[in-house]
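Geometric and topological summary
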Protein chains: 2
Amino acid sequence: MQDNLITAAQSAYAYPLLVKQLLINSVSLYGDQEISYRGQMRYTFRDFRGRIGKLASALTSLGAGHGTTVAVMDWDSHRYLECYFGVPMMGATLFTVNVRLSPQQILYTLNDAGADIVLFHPDFAPVLEQIRGELTCNPRFVLMADGQNAPELTLPLAGEYEALVEAASPDFVFTDFDENTKAATFYTTGTTGDPKGVCYSHRDIVLHTLASATSLCSPREGQRMHREDVYMPITPMFHVLAWGIPYIAMMLGLRTVLPGRYAPDALLKLRETEKVTFSHCVPTILQMLLQSAQDGAQDLSGWKIIIGGSALPPALCEAALARGIDIFAGYGMSETGPIVSLAQIPPGCTPKDRAEEVRMRCSTGRPVTMVDYRIVSEDMQDLPRDGKSRGEIVLRAPFLTKAYFGKPQASEELWAGGFLHTQDVAVMGEDGFVQIVDRIKDVIKTGGEWVSSIEVENLITEVPGVQECAVIGVPDAKWGERPMAFVVRKAGAEVKPEQIRDQLMTHVDSRRISKYAVPEAERIAFVEAIPKTSVGKINKKQLREEAA
Amino acid sequence: MQDNLITAAQSAYAYPLLVKQLLINSVSLYGDQEISYRGQMRYTFRDFRGRIGKLASALTSLGAGHGTTVAVMDWDSHRYLECYFGVPMMGATLFTVNVRLSPQQILYTLNDAGADIVLFHPDFAPVLEQIRGELTCNPRFVLMADGQNAPELTLPLAGEYEALVEAASPDFVFTDFDENTKAATFYTTGTTGDPKGVCYSHRDIVLHTLASATSLCSPREGQRMHREDVYMPITPMFHVLAWGIPYIAMMLGLRTVLPGRYAPDALLKLRETEKVTFSHCVPTILQMLLQSAQDGAQDLSGWKIIIGGSALPPALCEAALARGIDIFAGYGMSETGPIVSLAQIPPGCTPKDRAEEVRMRCSTGRPVTMVDYRIVSEDMQDLPRDGKSRGEIVLRAPFLTKAYFGKPQASEELWAGGFLHTQDVAVMGEDGFVQIVDRIKDVIKTGGEWVSSIEVENLITEVPGVQECAVIGVPDAKWGERPMAFVVRKAGAEVKPEQIRDQLMTHVDSRRISKYAVPEAERIAFVEAIPKTSVGKINKKQLREEAA
């Protein structure tokens, strides 16, 4: 077999896929486009590009360079966006620190990643001061303050972001390097063991940007992004690069609004004043936004929102649709780029009724461009696309993480058999819509039958008066496991266990769930709140500990 | 400097960018989508995928495999589309033979590319029989007939496409290989010397597909492609992979119509019966379509057409707009993927009048995603974006050809200074719109001043009664060169040289052109037809020879 490779001319430009290439036309075509920070500060893409050069010059003067790690601890700001580009573009690795982790976990991740520089907002000074003595990576600290005076700090500051950037030269030359260079890293908040470092290369980021942009832009209308959208992330920028969407927005030249620290009223006000049309968030935030908007009777029509992080509950979807929001789910994980599927209504399809429409919008979605998306049995055989056969979602795509940082065994398990294992159990319909029914470790096995905790949660959430719900499996001498429900009631609502059981039994009658899936009355507990992980997911590990 | 590359898990899938990956979701999401051949035969994407496997099996049985070259000589057919995927996917190189070249040039290209197999439509049997004795590559011949009996041939046939495919197994395993493997080759029809072989790798094709799709799909409305479009190419599939758009259409799941050999009436009928909404063609074809439609009084609204190959004349653009066609120009060359710019009206822009709209739609366009697009002086300095400063368009993009096949010197000239030289002279406006004013070798130098042949051609075409026009520089003792115009009159129209001069002088008065640009009356020649190259461009080389 001949290799049949193309021999390039010596002078030919190799064009490695680098983050800087995403900006090639952003300034030349959209130089006057605006980036707004909290509606209080705004500048143009041209200014942004100048500040990226200054940032790289400033970081170089602090010792950063190719192969170093620059950690950021900030709310969603224009400065964070500058780091999204400037840090990888200079060949350094952007480390987006999950600021919602415990101080001990933040310490672990800073040491594990070997942070050389930490850029931090004053709000995170206390945690840094608390853990500083145990930092083995000896980073330099740079304060990212909003123009206010620096707080009293015991940390030795190498400088203040605005002052450093102001004083630096914009004429930094961003050279080319290997497209497989590490561009960004962050940590997954697994429910067991230490957080695991996930890395994306420049190539990963560029290909995720192009593939997601193609999937987001190509619908005829609805559930789509276009060049005249105004973008505001409401998924924190520390969380999987805000799903990679800031890169799409900058590439396409979208007006971009960075909202700072999230507060529902401020977000709603920004949406209105900045005329935001495209966002993404977790269900909990949407719930808060809708609640806040209801109080203010705001018109939310024309707002497109992708929901991810956890499943979009049908009732929440209905409520958003009723407010005119074009809402749809997306799916992915820290390890997957992240976006691998989107719950867009398929081309040419008109849902036959609102229920079908809601089912589609709340589903795990259909695969994004270039994503090889399989639902497989334990021996990696494809399962029928019948909407019933349950198996694990395994993936191939040109932007999945290739390994956990320094964790060879976990990395091989992630990629067992050459496909990335999501640990999500799902069914796929004939129409290509995937529906996650559970996490592998959250599936409940009762009397030899598998029960989806998520399915039961969704049905309980439909009971009037129920605000939120979590279902786990608890040990049972007779059945092996039985489902147990933790239920949060709406303020002032009276809900009894039997009401929940009665409503679930109607779904047993309609064969939507089996009767084994209905918890006994004594296994329905009313609680004040459901414990959440740092990224807003239900913390089932903690619930299991509490139940035990 | 540390290299800072990511070390992949051993089991991790590398995901090379291969043509097969474009089809990953085409069958799973759009398996029932249709491909129609001339409206007379239709099958589904699922059938298409099966036939690709059969094709690869059949070609393997004829000796094709990784590194071999499979040449195709066909009109636009579903079989050609099968070859677009099946041949590169098996690691072979698809050679799209320009069937409009002379027999001697076809002979040269078949020998230069080293064709191992030639798939040919009966219409091209005569040329193959004519040159067969001089073929040094000793290919096997496969007939691609439309079900009719094979014609009497002296060529030794290795088989007939449909019979071979029918008998072969669909279960061909398309393995992975290096993404820089040669996927497709074809020849540029330069005006000097032998045709030059251009190659695209799998990576080139995938990245061109993603970047073009992003640019084509992202406008809010107008000049855009979306998933519900029905696609019919009207640029021959042998010509730069039909601008790469069949790959976009298959990736996005678009219903696709292959029209066979082009005939205006048949194309218009197909557009109507198949409800085609997206096409692309050269100006000459559009002219014929409009003429034909006018006779039939057809409604062409809702048809989006990209015009490329030559500049879109404003008068033709006006005529298309008047018929409801969403027409816009695109720009590229055989060496460039091909699409590097598109004349889409920018986001948020409302042209102030029809003239401005036409200027935008007829321009060379604005850069496609990821394309670094410069207008430079002879010493490679960026020129001001003032709409006046003229320089060469030079490019970088992740899908440009890296070399001409076996032509190292031409390859280095193409890439001098690390940018691909288009040899097109253009200006760029503040708004990022590029306008080609000439080919470097077609610019006319008169009395020390540069005159754009294209600009004068466009203005002469606006004179009532003028059908078409070509302007070249001819030697002049006093001025060095003077412009000379060759003019084709509309049937029955009377046009005199002085009418043309008078109208051009009005543009001199309005300072649109200099008075040096106006040809003398004796240098305005009326001709029956303008000579064209095999791809429909004005053959200025031949005009210069005729003038001399």
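1. Remarks on the interface of chain A and chain B
- Each side of the interface is counted separately: chain A has 75 residues, and chain B has 75 residues.
- Among the residues of chain A in contact with chain B, I6, R227 and M370 of chain A are the three that bury the most area, contributing 12% of the side total.
- Where chain A packs against chain B, one counts four salt bridges.
- For R203 of chain B, the salt bridge goes to E179 of chain A, with nearest N and O atoms at 2.8 Å.
- At the boundary of chain A with chain B, the tally comes to 41 residue pairs in polar contact (both at pLDDT 80 or more).
- No other element matches helix α7 (residues 202-217) of chain A, which puts nine residues into the side of chain A that touches chain B.
- When its residues are assigned to classes, the side of chain A that touches chain B shows 35 nonpolar, 25 polar and 15 charged.

2. A word on helix α8 (residues 245-252) of chain A
- The buried fraction of α8 of chain A is high, at eight of eight residues.
- Looking at the residues trailing α8 of chain A, positive phi occurs at G253 of chain A, about 80°.

3. Regarding the relation of the copies chain A and chain B
- Mapping chain A onto chain B is achieved by rotating through 180° and translating by 0.0 Å along the same axis, at an RMSD of 0.1 Å. Such a turn and shift between the copies fits a two-fold axis.
- Looking at the interface residues of chain A, 100% of them are also at the interface in chain B, so both copies use one shared face.

4. A word on the pairing of strand β15 (residues 339-342) of chain B
Residues and elements named next belong to chain B.
- Summarising the sheet, strand β14 (residues 326-332) and β15 pair through three bridges and their orientation is antiparallel. By the bridge assignment for β15, G332 is matched with I339.
- Hairpin connection between β14 and β15: a loop of six residues separates the two successive antiparallel strands, and G337 in this loop has a positive phi of roughly 115°.
- In this sheet, strand β16 (residues 366-367) lies alongside β15 in antiparallel orientation, the contact comprising two bridges. Of the residues in β16, the one forming a bridge with S341 is P367.

5. Side note on the sheet that holds strand β3 (residues 69-73) of chain A
All names here are of chain A.
- Taken in spatial order, the seven strands make up an open sheet running β7-β6-β5-β3-β4-β8-β9, and their pairing is mixed. Looking at the sheet topology across the chains shown, the edges are occupied by β7 (157-160) and β9 (196-201). The sheet shows a mean angle of 25° between the axes of neighbouring strands, direction not considered.
- Pairing analysis gives three bridges linking strand β6 (residues 140-143) to β7, with the strands arranged parallel. Bridging across to β7, F141 finds its partner in L157.

6. Here's the deal with the pattern of salt bridges
Residues and elements named next belong to chain A.
- On inspection of all chains with the given rule, the structure shows 66 salt bridges over all chains.
- One salt bridge connects R261 with D123, and the closest N-O pair in it is separated by 3.8 Å. One end of the pair, R261, is in the loop between β11 (255-258) and α9 (264-273); the other, D123, is in the loop between β5 (117-120) and α5 (125-131), and 138 residues separate them in sequence.
- Given a relative accessible area of 40%, D123 falls into the partly exposed group.
- By sharing partners, the salt bridges in this structure join R38, R51, R79, E82, D146 and E162 into a single network.

7. Section: the side chain of Q223 of chain A
Residue and element names in this part refer to chain A.
- Its place among the elements puts Q223 in the loop between α7 and β10 (230-231).
- You can call Q223 buried: its relative accessible area is 5%.
- Those residues in contact with Q223 that sit more than four places away from it in its chain are L216, D326, F328, A343, Q344, I345 and R361.

8. As for the packing of aromatic side chains
- In this structure the tally under the stated criterion is 24 aromatic pairs over all chains.
- Of the aromatic side chains, those joined through ring pairs into one cluster are Y43, F48, Y80, Y84, F85 and Y247 of chain A.
- It is R374 of chain A that lies over the ring of F419 of chain A; its NZ or CZ is 4.7 Å from the centre.
- Above the face of the F433 of chain B ring, R366 of chain B is positioned so that its terminal group lies 5.7 Å from the ring centre.

9. Points about the packing of helix α11 (residues 314-322) of chain B against helix α12 (residues 354-362) of chain B
Residue and element names in this part refer to chain B.
- At a minimum axis separation of 10 Å, α11 and α12 run at an interaxial angle of 110°. In this view, α11 runs roughly perpendicular relative to α12, as classed from their interaxial angle. The crossing of α11 and α12 is right-handed. Residues P314, C317, E318 and L321 of α11 pack against R354, E357, V358, R361 and C362 of α12.
- For the contact of α11 with α12, a count of residues per class yields five nonpolar, no polar and four charged.

10. Here's the deal with the domain arrangement of chain A
- Taken domain by domain, chain A comprises domain 1 (19-199), domain 2 (282-404 + 417-440) and domain 3 (443-547).
- Of note, the centres of domain 1 of chain A and domain 3 of chain A, computed from C-alpha atoms alone, are 42 Å apart.

11. Focus on the nonpolar core
- With 248 residues, the main nonpolar core has F85 and L110 of chain A together with F85 and L110 of chain B as its most contacted residues.
- Beyond its immediate sequence surroundings of up to four residues, L110 of chain A is in contact with A71, F95, V97, A115, V118, L128, I131, L135 and C137 of chain A.

12. Structural notes on unusual backbone geometry
All names here are of chain A.
- Residue G337 is joined to P338 through a cis peptide bond whose omega torsion reads 5°.
- Inspection of the secondary structure puts P338 in the loop between β14 (326-332) and β15 (339-342).
- Backbone geometry places N138, a non-glycine residue, at a positive phi of 50°.
- Tracing the backbone shows N138 in the loop between α5 and β6.
- The phi dihedral of K275 is positive, around 55°, even though this residue is not glycine.

13. Re the environment of V518 of chain A
Residue and element names in this part refer to chain A.
- Its place among the elements puts V518 in the loop between α15 (497-509) and β25 (524-526).
- Residue classification places V518 among the buried positions, given a relative accessible area of 4%.
- Each residue touching V518, except ones within four places of it in the same chain, is listed here: R482, P483, R501, L504, M505, V508 and I513.

14. What about the sheet that holds strand β19 (residues 420-428) of chain A?
Residues and elements named next belong to chain A.
- Within the open sheet, the four strands sit side by side as β17-β18-β19-β20. Their pairing is antiparallel. With partners counted over all chains shown, the strands left at the sheet margins are β17 (372-376) and β20 (434-439), one partner each. On average, each strand axis in the sheet is tilted by 45° relative to the strand beside it, whichever way the strands run.

15. Focus on the packing of helix α2 (residues 45-61) of chain A against helix α3 (residues 78-89) of chain A
Residue and element names in this part refer to chain A.
- As a packed pair, α2 and α3 sit with axes 9 Å apart at the nearest point and diverge in direction by 65°. Helix-helix and strand crossings are classified by hand; for α2 and α3 the assignment is right-handed. For the pair α2 and α3, the contacting residues are F48, R51, I52, L55 and L59 in the first and H78, R79, L81, E82, C83, F85, G86, V87 and M89 in the second.

16. Here's the deal with the environment of Q10 of chain B
- In this structure, Q10 of chain B sits in the segment before α1 (24-30).
- Q10 of chain B sits 466 residues away from D476 of chain B along the chain, and the two C-alpha atoms are 71 Å apart.

17. Describing the pairing of β20 of chain A
- When β19 of chain A meets β20 of chain A, the two strands line up antiparallel, connected through five bridges. Bridged to V427 of chain A within β20 of chain A is Q435 of chain A.

Reading the values: the criteria
- Residues numbered from 1 in each chain as written.
- Chains lettered and ligands numbered in written order.
- Predicted model: local features only at pLDDT ≥ 70, side-chain atom pairs only at ≥ 80, totals over all residues.
- Heavy atoms only, no water.
- Contact = heavy atoms within 4.5 Å.
- Buried area = accessible area lost by both parts, 1.4 Å probe.
- Salt bridge = Lys/Arg side-chain N within 4 Å of Asp/Glu carboxyl O.
- Polar contact = N/O pair within 3.5 Å; in protein donor to acceptor, adjacent residues only side chain to side chain.
- Helix = DSSP H or I, 4+ residues; strand = E, 2+ residues; numbered from the N terminus.
- Nonpolar A, V, L, I, M, F, W, Y, C, P; charged D, E, K, R; others polar.
- Buried < 20%, exposed > 50% of the residue type's maximum accessible area, 1.4 Å probe, protein only.
- Least-squares fit on C-alpha atoms with pLDDT ≥ 70 in both.
- Pairing = 2+ DSSP bridges.
- Axes fitted to C-alpha atoms, helices over the stretch in contact; angles between N-to-C directions.
- Phe/Tyr/Trp six-rings, centres within 6.5 Å; stacked < 30°, edge-to-face > 60°.
- Lys NZ or Arg CZ within 6 Å of the ring centre and 35° of its normal.
- Parallel < 35°, antiparallel > 145°, perpendicular 65-115°, else oblique.
- Left-handed = near helix turned anticlockwise from the far one by under 90°.
- Domains from an automatic or database assignment.
- Core = buried A, V, L, I, M, F, W, Y, C linked by side-chain atoms within 4.5 Å.

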